[in-house]
Amino acid sequence: MTSQAATATTVFAVFMLATVVLGLAAVRGRTPGGGIADWSVGGRSLGTVLIWVLMAGEGYTSFSYLGAAGWGYNHGSPVLYVIAYMSCGYAIGYVAGPTLWAYARRHGLVTITDMVAHRYGRPWLGTAVAILATVCLLPYIQLQITGMGVVVSTISYGAISLNWAYFVAFAVTTTFVVVSGLRGSAWVSVLKDVLVIATLGFLAVYVPLHYFGGYGPFLDRLTAEKPAWLTLTGHGGSGLGGAWFATTSFLNSLTVVIFPTTVAGYLGARSADTLRRNAMLLPFYNVLLFVPMLLGMAALFVVPGLKGAESNLALFKLVVDSLPAWAVGVIGVAAALSSIVPMGVFMLVIGTMWGRSVLGAVPALAGRQDRQKVAAQVVVVVAGALALLMTYTRPDTLVRLSLISYEGMAQLVPMVLIGLVWRKLTLWGAVSGLVVGGTLVCWLVFTGHDPLWGVNAGAPALAVNLLVALTVSRFGPRTADPRPDDEVLAADPGPDGEPEGPGGALSVPGATLGND
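The rules we used
Residues numbered from 1 in each chain as written. Predicted model: local features only at pLDDT ≥ 70, side-chain atom pairs only at ≥ 80, totals over all residues. Heavy atoms only, no water. Disulfide = S-S within 2.5 Å. Core = buried A, V, L, I, M, F, W, Y, C linked by side-chain atoms within 4.5 Å. Buried < 20%, exposed > 50% of the residue type's maximum accessible area, 1.4 Å probe, protein only. Contact = heavy atoms within 4.5 Å. Patch = residues over 30% accessible without salt bridge, like charges linked within 9 Å, V, L, I, M, F, W, Y side chains within 5 Å. Areas by Shrake-Rupley, 256 points an atom, 1.4 Å probe, with all protein chains shown as cover. Salt bridge = Lys/Arg side-chain N within 4 Å of Asp/Glu carboxyl O. Helix = DSSP H or I, 4+ residues; strand = E, 2+ residues; numbered from the N terminus. Axes fitted to C-alpha atoms, helices over the stretch in contact; angles between N-to-C directions. Parallel < 35°, antiparallel > 145°, perpendicular 65-115°, else oblique. Phe/Tyr/Trp six-rings, centres within 6.5 Å; stacked < 30°, edge-to-face > 60°. Polar contact = N/O pair within 3.5 Å; in protein donor to acceptor, adjacent residues only side chain to side chain. pLDDT = per-residue confidence, 0-100.

## A closer look at the state of the cysteines
Using the criterion set out here, one finds 0 disulfides in the structure. Among the cysteines around C442, which has no disulfide bond, C136 carries the closest sulfur, lying 7.5 Å off.

Right under this line is the structure:
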């Protein structure tokens, strides 16, 4: 092992140890043997700072350091869809987040599957949604494991193999998630965000100055030599034009609001106002996402000719040979933590969904939060191990996995967002729409029809989903539900966290009508 590799690897090892210690320290002072709510949503006690850093992890994953730079390198401007959909999603979350939080708090729910099962009065529906969400989230865990492995192997100058790096990602994340749950992820997010802000801020200044003499010469060269990278269609005839950009931004902005990991962040908040403040603060963090995108385009001139998956390393190839080993190690740690934090939340959410909505239906676990917590912790280990096995046996491209997850989860939007505020959306309408939309998006994606006529394949699938849901709700079977509206529908909580309006239900046309 060279001295550079030894230095970078030592830096990485020290920070990984600090990550485990910090994650485990999150449970200090907590009551031993707490139930699944304390473990999975932090006892609904996280304040503005912890919720902010935790939910910022949704925007800063391994995609930020690898996929975003790779897209900038290969295509250019189309990668800006990430900033567009996240910013719009925060705006939607300003309303939806407190509403979901209040609904879960009022009924003692801890997952999105709990909400669906409660709204439609069918525990089996929560089980079905848990299975669907798991199918969509497992590839996302694999994405983070793969991303961290590539980063660690690169910043160690090849001293740490990909296979060992994958295992480290799994081991570190599983250790603190199983013990400390959502609170541990939030604490580790603090360390991650400090490093992300510091390293991306440094690279934003260092790379243009070091390689081009400043932003002026760099941008002049970019516009003169690579103008295709500054258009929405991007370079390479990818078909990622204006229609794709608009539909992807719209679809993902809706999806991110009901994404199980986002909902976990919502439910961990101390109050509705915490989420509102968080929605206003998070867009400022988005500014940093410009850095890896821009540096990916800068790499076109410094390390030309990167092909395929190698282009995902565009950012790191700019710094590995030009910075001291300790600095490379710190940048690598920031990227690795950007995999660990979201991966931890993904694993936590899968465990919670299964502990509550699948295994929780077993008579021995029903109504026993302590046993449900143990079951969820076991599922966390199983889900992580399965994703690790997928990483070893079925590696895939980073961005494709991410897009499939979002397109699949997007089909839950009518069932959740519309169903929680509109009583006329029936059980069978919501289920029919989900089945048809999910089937259509799978067919489009796996037959190579994404984009479809220049449009994100998830968008027409969602449109068909909504059409079917409304049609079946209007003309199909109706299941009797004697519960009053304020028991079934969500409400917009006021500043004190209590529902506004009579009966706690939103004032939505038709919302006061039952399913009969």
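## So, the nonpolar core
In this structure, F12, M16, I141, F316 and M415 are the most contacted members of the largest nonpolar core, which totals 154 residues. Beyond its immediate sequence surroundings of up to four residues, F12 is in contact with M148, V152, I155, I160, V168, V333 and A336.

## Topic: a nonpolar patch on the surface
Residues L80, V287 and F290 make up a contiguous nonpolar surface patch of roughly 250 Å² in combined accessible area. Relative to the helices and strands, V287 resides in the loop between α12 (272–286) and α13 (290–302).

## Describing the pattern of salt bridges
Evaluation of the coordinates by the stated rule reveals 7 salt bridges. Put simply, D273 and R276 hold a salt bridge, and the shortest N to O gap is 2.8 Å. Here R276 and D273 lie together in helix α12, a separation of 3 residues that amounts to about one turn. A relative accessible area of 24% means that D273 is categorised as partly exposed.

## What about the packing of helix α9 (residues 215–225) against α13?
It is the contact of α9 with α13, at a shortest axis distance of 11 Å, that shows an interaxial angle of 70°. One finds that α9 runs roughly perpendicular with respect to α13. Counting all contacts with α9, which are made through Y215, F218, R221, L222 and E225, the residues of α13 involved are L294, M297, A298 and F301.

## Observations regarding the packing of aromatic side chains
In the structure shown here, the tally under the stated rule is 17 aromatic pairs. With a centroid separation of 6.2 Å and 65° between ring planes, the pair formed by Y140 and F259 is classed as edge-to-face. One end of the pair, Y140, is in helix α7 (residues 123–155); the other, F259, is in the loop between α10 (242–258) and α11 (260–267), and 119 residues separate them in sequence. Judged by its relative accessible area of 6%, Y140 falls in the buried class. Its relative accessible area of 0% is what places F259 among the buried residues.

## Quick look at unusual backbone geometry
Cis geometry marks the peptide bond from D450 to P451; its omega dihedral reads 5°. Along the chain, the position of P451 falls in the loop between α19 (427–446) and α20 (458–475). A positive phi angle, close to 55°, is found at Y157, a residue other than glycine. By the element assignment, Y157 lies in the loop between α7 and α8 (162–212). Take Y157: its relative accessible area is 23%, and that puts it in the partly exposed class.

## With respect to the environment of P227
With respect to the element layout, P227 can be found in the loop between α9 and α10. Considered as a pair, P227 and G76 are 151 residues apart in the sequence and their alpha carbons are 9.5 Å apart.

## Re the environment of F63
Counting through the fold element by element, F63 comes out in helix α4 (residues 62–74). Distance from F63 to A335, taken between C-alpha atoms, is 9.3 Å for residues 272 residues apart in sequence.

## Considering the side chain of D485
Within the secondary structure, D485 is located in helix α21 (residues 485–488). A distance of 2.6 Å separates the side chain of D485 from the side chain of R423, its partner in a polar contact.

## Considerations on the confidence of the model for the protein
Chain-level statistics for the protein give a pLDDT mean of 83 and a share of 88% at 70 or above. Here helix α17 (residues 398–409) is the element of the protein with the lowest mean pLDDT, 66, and α20 is the one with the highest, 95. pLDDT under 50 marks residues 501–516. Its contacts with residues more than four places away, or in other chains, come to 43 contacts.

## As for the environment of G344
Inspection of the secondary structure assignment puts G344 in helix α15 (residues 325–358). Here G344 falls in the buried class, since its relative accessible area comes to 0%. Each C-alpha atom, one on G344 and one on V380, is 9.0 Å from the other, the two residues being 36 residues apart in sequence. Those residues in contact with G344 that sit more than four places away from it in its chain are T173, V177 and S185.

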